[in-house]
Each structure stands twice: as C-alpha cells, then as structure tokens.
Number of protein chains: 2
Amino acid sequence: MNFSSKHLENAVASFSSLPGVGRKSALRLALHLLQQPQEYTQEFVETLATMRLEVQECDTCFNLSDSNTCTICANPQRKRNLICVVENVRQVMAIEETGHYHGLYHVLGGVISPIDGIGPQNLNLEGLISRVEQAQETPEIILAISPTIEGETTNLYISKQLEPYKPVISTIARGVSFGNDLEYADELTLSRSISARLPYATQHNY
Amino acid sequence: MNFSSKHLENAVASFSSLPGVGRKSALRLALHLLQQPQEYTQEFVETLATMRLEVQECDTCFNLSDSNTCTICANPQRKRNLICVVENVRQVMAIEETGHYHGLYHVLGGVISPIDGIGPQNLNLEGLISRVEQAQETPEIILAISPTIEGETTNLYISKQLEPYKPVISTIARGVSFGNDLEYADELTLSRSISARLPYATQHNY
C-alpha cells in the first residue's frame, strides 16, 4: 500500500497486528477512526488501555476479573464443591451463557500439547490440586475440555493427579448436537452417544 | 455475553463499535491484548491516538497527510497540470499502487447522492474549481469516480461546473477487466468496451 501519511501507515500496521485483521480491513478501521470525532478515538484507546491495566486473573480460578477474586468465586450462591475445569475464559463465558451451571470454575489456560511445547507445568494445575486438597467436603470435578486428542490427554493427566484426593470426576457428555442430523455425525461420536445413552426425560440439575 | 470483568466488557463494546467487527471477533481481539505484554497495548493505543491527532487533510487536494501539503502535492516530479478526481483516499492509494500515474489528485470526499443527503455542497468541489481557475496552464481533469449512478451524476455536475474554465476533461476507461471472461461482462460494459475500442498495442503514458 502507498500511504501519503506515515501516521496512517503506523496505525494500519498496528491494526493488522491483531489476529484475523488483514491490511485492507486495518485500513478501513484506521480510516473509520479518522472519520469519527476526535473524542471517539480518545475513548477507544482509553478503554483498551484501562482494560489492559486493570483486568487480572482471579487468584482462585484464573478467570478474568477486575479484582483478586472473580465475581463467580465471590458469589455465595455458587456451589463451592463443584468445580468445572475449562481451557480458557471463552469457555467460562460459553457455559455461563447457558445459565444452567451454578458451581465454580478452574481455568487451565490451555491443554497439554507437546507439539506446541505446552506441558503440565505451563497450565494452572497446581492451583486446581490445592483447591481439591483444601476443600472442606470432597468436590466434584467436571472436566469440560474440548474432546480433542490434546484435551483427552489433559483429562487423563488431571484425573491421575487428583487421584490421591479421591474427588468425584466427570466429563461433559459427548453426543450428537441438538439440531444435527444423525446421518452426518461422525462414527466415534455416534457410537459413544449410543453406549452412553440416558433414560428418556432425564433432568440434570446442578 | 457474560463478562466476569467490567473492563473487558467495555473493551469488547469498543472493538465491536468498529465497522465489520462483531461481538465474537471483538472478544477475540480484547483477549489477544490481554495475552500480549502490557507494552503491546501501550504501543497500540499510542499509535492510534497519534494518528488521530496528527493526520490531516492536504490543503490542496484533501488527501490524508502529516502536514498542510501532502507528499504528492509537494513532489516536484508530479505533473501539475494533470488532476485526477477521486471519491476518497482509498482510491488515491489504489491508483498510486499501479505506479502508472504521475499527476496530482483531488479527493472529493464522496459522491453526490440525494438519497444519502449528500449534495455538491458536502463535497470538496470549491477547492477543485479554484485549482482549475488558478492553474497556470489549462489542466487536464481525469474523472476517476466509480461508474455508479451517483458517480455518473457527480461526473456530470463537475464537468458543468468546470465548463467556464475550459479544461480538458476525461474519464477513466470503462471496459472488460483483465482476466474476466467476456461472457460474464454485463451488457452495458461490453457494448461500451466495443464502441470505445482502441488501436491494438496502444500505450498510455501520463
């Protein structure tokens, strides 16, 4: 691209350093800022800077939080002996969105993936172990990690690590998604959904 | 979305106020900033704020510039009696990209579009007229506006306005694009490209 302004060129480079933003989109975003009043950009950059400075990880569950303890951990209504282990904060948000889970979370920050150089020491596993160790009543651990090879490896590793404390460990149900045609489900999912069949009209209440 | 952090929520709202950025992409961008070192966000916001403060329009051609006169207008190598009229700065960049145009520009800032409430008074037309009026030798005006109904209306309006000064007025060639199959060209484009046919191997040098 031929820029008539060095500052514009820098802004386009900044925008296109973001994931999923190409050079053309970056230019559109930069020109958008130029078309809006000065105050718009002012507010935009202040909001981002504040977020980067203020947002931290919850000391207990490693969820994103505005203080040392996140709103979920601090909520007395939440069942304290139910811990849902997830990869990242996006999954916490997805589960919260359902409105059907009333326990706590533990954000691992990834899954074990030797090919990407991520071992157990890179995950927030020690925190999980000490939560289970220090629990007043034996907690139930729900492993809600994506059913990939790395995810299954991580599930296995966590269950081994937690074995000495004898918690109840479950994984989220694998099966055919609502709205999906059985015909298009892969064989593994379909065979598991048959072997893990449930009594009709089963209600889960957490 | 269920946010565990108010600051994160604000940042997602800011990102999704940008054109073409949805809520999910906005969340991904905000989380990306959180994953990078503090300095990354610092530099990101400073670059954008500086751009918004420093970038201005060129006093002559209304192209984006870091000073009163843009690098194109200030370049003594450029032919001063050739003015290419375009809608916006993206089109200046597109033409500059070709490397085949060595004249000056005039950025209108839009096209006449009564349906969007844009009349001639909203465009940078006075500047164009005074450039033609004050030119030392009769300039050639190339109308490089998108061939839409609004674009053609704008072309007609500009040519009427410039008539008293008797400049040479041309429009960019309309025709079948390189690499396109004739079969798929629309009838208007195809019929014009036949009536405006050129001697084989014609070279245009500006």
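Predicted model only: the values in this text are computed from it and were never measured. (Residues numbered from 1 in each chain as written. Chains lettered and ligands numbered in written order. Predicted model: local features only at pLDDT ≥ 70, side-chain atom pairs only at ≥ 80, totals over all residues.)

## As for the relation of the copies chain A and chain B
Point 1. For the pair chain A and chain B, the best superposition has an RMSD of 0.1 Å and corresponds to a rotation of 180 degrees with a translation of 0.0 Å parallel to the axis. Such values leave the two copies arranged in the relation of a two-fold axis. Minimal C-alpha separation from the rotation axis in chain A is found for Val-45 of chain A, amounting to 2.5 Å.
Point 2. Both copies present the same face, since 100% of the interface residues in chain A are matched by interface residues at the equivalent positions in chain B. (Least-squares fit on C-alpha atoms with pLDDT ≥ 70 in both. Contact = placed C-beta atoms within 7 Å.)

## Regarding helix 2 (residues 23–35) of chain B
Point 1. For helix 2 of chain B, built from 13 residues, the straight-helix expectation of 18 Å at 1.5 Å per residue is met to within 8% by its first-to-last C-alpha distance of 18 Å.
Point 2. Considered for burial, the residues of helix 2 of chain B that qualify are Leu-27, Leu-29, Ala-30 and Leu-33 of chain B. Summarising the axial view, the buried residues of helix 2 of chain B lie within an arc of 165 degrees, below the 170-degree limit, and thus occupy one face. Exposed residues lying more than 90 degrees from the buried face of helix 2 of chain B are Lys-24 and Gln-35 of chain B.
Point 3. Turning to helix 2 of chain B, the residues buried within the fold contact helix 3 (38–54) of chain A together with helix 1 (6–16) and helix 3 (38–54) of chain B. (Helix = DSSP H or I, 4+ residues; strand = E, 2+ residues; numbered from the N terminus. Expected span 1.5 Å × (residues − 1). Buried ≥ 20, exposed ≤ 12 C-beta atoms within 10 Å, placed from the backbone. Arc of directions from axis to C-beta.)

## Observations regarding the environment of Ser-170 of chain A
Residue and element names in this part refer to chain A.
Point 1. Mapped onto the elements of the fold, Ser-170 is located in strand 6 (residues 168–171).
Point 2. Separated by 15 residues in the primary sequence, Ser-170 and Asn-155 place their C-alpha atoms 9.8 Å from one another.
Point 3. Setting aside residues no more than four positions away along its own chain, Ser-170 makes contact with Glu-140 and Ile-142.

## Regarding the domain arrangement of chain A
Point 1. Per the domain assignment, the segments making up chain A are domain 1 (6–54) and domain 2 (80–172).
Point 2. Each of domain 1 of chain A and domain 2 of chain A has a C-alpha centre, and these two points are 36 Å apart. (Domains from an automatic or database assignment.)

## Focus on the pairing of strand 3 (residues 82–86) of chain A
Residues and elements named next belong to chain A.
Point 1. Of all five residues in strand 3, four are buried; the element is thus mostly enclosed.
Point 2. One ladder, built from four bridges, connects strand 3 with strand 4 (residues 104–107); its direction is parallel. Bridge assignment links Val-86 to a residue of strand 4, and that residue is Val-107.
Point 3. Following the backbone out of strand 3, through helix 5 (residues 89–98) and into the adjacent parallel strand 4, one traces a crossover that is right-handed. (Pairing = 2+ DSSP bridges. Right-handed = clockwise from strand over helix to strand, strands pointing away.)

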